[in-house]
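# Structural features, examined
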Amino acid sequence: MTISVIDSHTGGEPTRAVIDSELTPPEPGALAARDFLSREHDWLRRALILEPRGFEAIVGAYLCKPTDQTCVTGVVFFNNVSYLNGCLHGTIGVVAILAHTGEISVGVHRIETPSGVVTATLAADGSVTVNNVPSYRFRESQEVEVPGHGLVTGDIAWGGNWFFLIQDQGPEVCFSEIEALTHFTSAVGQALTEQGITGADGELIDHIETFGSPNEGVDADSQNFVLCPGRAYDRSPCGTGTSAKLACLAASGKLAEGELWKQASIIGTVFECQFLNLPEEGMITPIISGKAHITGKSTFVLDPEDPFKFGISP
Ligand code: PYC
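In this section: the overall build of the protein chain. Secondary structure assignment for the protein chain yields 5 helices and 16 strands. For 314 residues, the compact-globule formula gives about 20 Å, and the C-alpha radius of gyration of the protein chain, at 19 Å, lands near that figure. Counting only C-alpha atoms, the protein chain reaches 50 × 45 × 40 Å along its principal axes. Counting every position in the protein chain, which comprises 314 residues, the buried fraction comes to 55%. The contacts in the protein chain between residues at least 6 apart in sequence include a share of 62% that link residues at least 24 apart.

Below, the structure is given as structure tokens:
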């Protein structure tokens, strides 16, 4: 069997989009495709993201037929351990890939994801602006006792995934502290789960973000470190994580509707952002801009004799 992909990166974070895989979900829709992959064909995720073909930071994007006919495509995002609800660096990557293959051109495109429809505007310079799903702060100043780190306080917010957002606690947010930041945020995530602290409806908080001042030479309002499920850190500022941040800034009155927010990632790449208020109290539409670059096109071979054809996993 062969699988064809196009790779890109958005602010350093890779996206691997499946363009031909011999798999067709029985029904249209991103949710149906996610069920189909996770229940019956999880081998595709493992084969593309795990070593020897992948590594932990790659987010996979399986393009599928949308249920909403106004959408140009549906997409299911997945990583080294599971499936994501939404992914904005990945959405920006998918738009760049569809532009590269000639399927779309400059303009506005709707994309169906398992967390809802997002609207992506492709500009002539290749930058992409995504209007994300409605986002909100669920809890302010939630305390969690983290073994080895003491009491940590953060906000819980939805930005297309569930996030715990920590400001100025733990290791300094800078590239040289990546190991320590990974240990810290991973310990926070574990403590949240063990102490039953969740998003709405008991949903797992599977992304942990810590924020600090921008490092020297980084032109931004804030710099973050985002730990994704699977223990990989986001090389980009994380679009869904930045959406959660905007929801918190909006809720606390620290950023006004339409005001620019520049969010830097741990490697210093920047998303330019703003938000629109929605009629429902506390709900916003985050608007996130970034750019993806195509890095490769591959046809992977799954040799039946290869003991690692579906990736290396325990
Ligand atoms: O950009 O939303 C994002 C994202 C989620 C996980 C990795 N990147």
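We are not done yet, so read on.
Here we take up the pattern of salt bridges. Enumeration according to the criterion identifies 7 salt bridges in this entry. Between Asp 68 and Arg 110 there is a salt bridge, with the nearest N and O atoms lying 3.0 Å from each other. Taken together, the positions of Asp 68 in the loop between strand S3 (59-64) and strand S4 (71-78) and Arg 110 in strand S6 (residues 107-113) put the pair 42 residues apart, joining distant regions of the chain. By relative accessible area, which is 32% here, Arg 110 ends up partly exposed. By sharing partners, the salt bridges in this structure join Asp 42, Arg 45 and Arg 46 into a single network.

Our focus in this paragraph is helix H2 (residues 42-49). Burial of H2 is extensive: 7 of the 8 residues sit out of reach of the surface. Taken together, the buried positions of H2 are occupied by Asp 42, Trp 43, Leu 44, Arg 45, Ala 47, Leu 48 and Ile 49.

Okay, the pairing of strand S14 (residues 261-264) next. Here S14 shows a buried face lined by Trp 261 and Gln 263 and a second buried face lined by Lys 262 and Ala 264. As judged from the 2 bridges shared by strand S13 (residues 222-227) and S14, these two strands associate in the parallel manner. Residue pairing across strands places Gln 223 opposite Ala 264, the latter belonging to S14. Crossover handedness for the path S13 to helix H5 (residues 239-251) to S14: right-handed. The pairing of S14 with strand S15 (residues 270-277) spans 4 bridges and is classified as antiparallel. Across the sheet, the residue bridging to Gln 263 is Phe 271, located in S15. Between S14 and S15, which pair antiparallel in sequence order, lie 5 residues; one of them, Gly 268, sits at a positive phi of approximately 95°.

Here we take up the site of the ligand. Around the ligand, the surrounding shell consists of Cys 87, Leu 88, His 89, His 207, Cys 228, Asp 234, Cys 238, Gly 239 and Thr 240. With respect to the ligand, the side chain of Asp 234 contributes an N or O atom lying 2.8 Å from a nitrogen atom. Bound to the protein, the ligand loses 100% of the 240 Å² it would expose on its own. Listing elements by their share of the shell around the ligand, those giving two or more residues are helix H3 (88-100) and H5. Looking at the shell around the ligand, its residues break down into 4 nonpolar, 4 polar and 1 charged.

Another point: the packing of aromatic side chains. One pass over the full model with this rule turns up 6 aromatic pairs. Three or more aromatic residues joined by ring pairs form one cluster here, namely Tyr 136, Phe 138, Trp 158 and Trp 162. Positioned over the ring face of Phe 211 is Lys 245, at 4.2 Å from the centre of the ring. The ring of Phe 310 carries the charged tip of Lys 309 above its face, separated from the ring centre by 5.3 Å.

What follows is about the nonpolar core. If you look at the biggest cluster of nonpolar residues, it comprises 51 residues, and the most contacted ones within it are Val 144, Phe 164 and Val 188. Among all residues touching Val 144, those that are not within four sequence positions of it are Gly 150, Leu 151, Val 152, Phe 164, Val 188, Ala 191, Leu 192, Gln 195 and Ile 197. Core analysis: the next-biggest nonpolar cluster, separate from the first, contains 20 residues, Val 5, Leu 48, Ile 58 and Leu 302 among them.

This next bit is on unusual backbone geometry. The peptide bond linking Glu 51 to Pro 52 adopts the cis configuration, its omega dihedral lying at 10°. In this structure, Pro 52 sits in the loop between H2 and S3. Its identity as a non-glycine residue notwithstanding, Glu 22 has a phi of 65°, on the positive side. Tracing the sequence through the fold places Glu 22 in the loop between strand S2 (13-20) and helix H1 (30-40). Using a relative accessible area of 57% as the deciding quantity, one classes Glu 22 as exposed.

Scoring rules and cut-offs
- Residues numbered from 1 in each chain as written.
- Predicted model: local features only at pLDDT ≥ 70, side-chain atom pairs only at ≥ 80, totals over all residues.
- Heavy atoms only, no water.
- Helix = DSSP H or I, 4+ residues; strand = E, 2+ residues; numbered from the N terminus.
- Rg over C-alpha atoms; globule rule 2.2 N^0.38 Å.
- Buried < 20%, exposed > 50% of the residue type's maximum accessible area, 1.4 Å probe, protein only.
- Contact = heavy atoms within 4.5 Å.
- Salt bridge = Lys/Arg side-chain N within 4 Å of Asp/Glu carboxyl O.
- Pairing = 2+ DSSP bridges.
- Right-handed = clockwise from strand over helix to strand, strands pointing away.
- Near = heavy atom within 4 Å.
- Polar contact = N/O pair within 3.5 Å; in protein donor to acceptor, adjacent residues only side chain to side chain.
- Areas by Shrake-Rupley, 256 points an atom, 1.4 Å probe, with all protein chains shown as cover.
- Nonpolar A, V, L, I, M, F, W, Y, C, P; charged D, E, K, R; others polar.
- Phe/Tyr/Trp six-rings, centres within 6.5 Å; stacked < 30°, edge-to-face > 60°.
- Lys NZ or Arg CZ within 6 Å of the ring centre and 35° of its normal.
- Core = buried A, V, L, I, M, F, W, Y, C linked by side-chain atoms within 4.5 Å.

Geometric descriptors of this kind do not, in isolation, establish any biological role.
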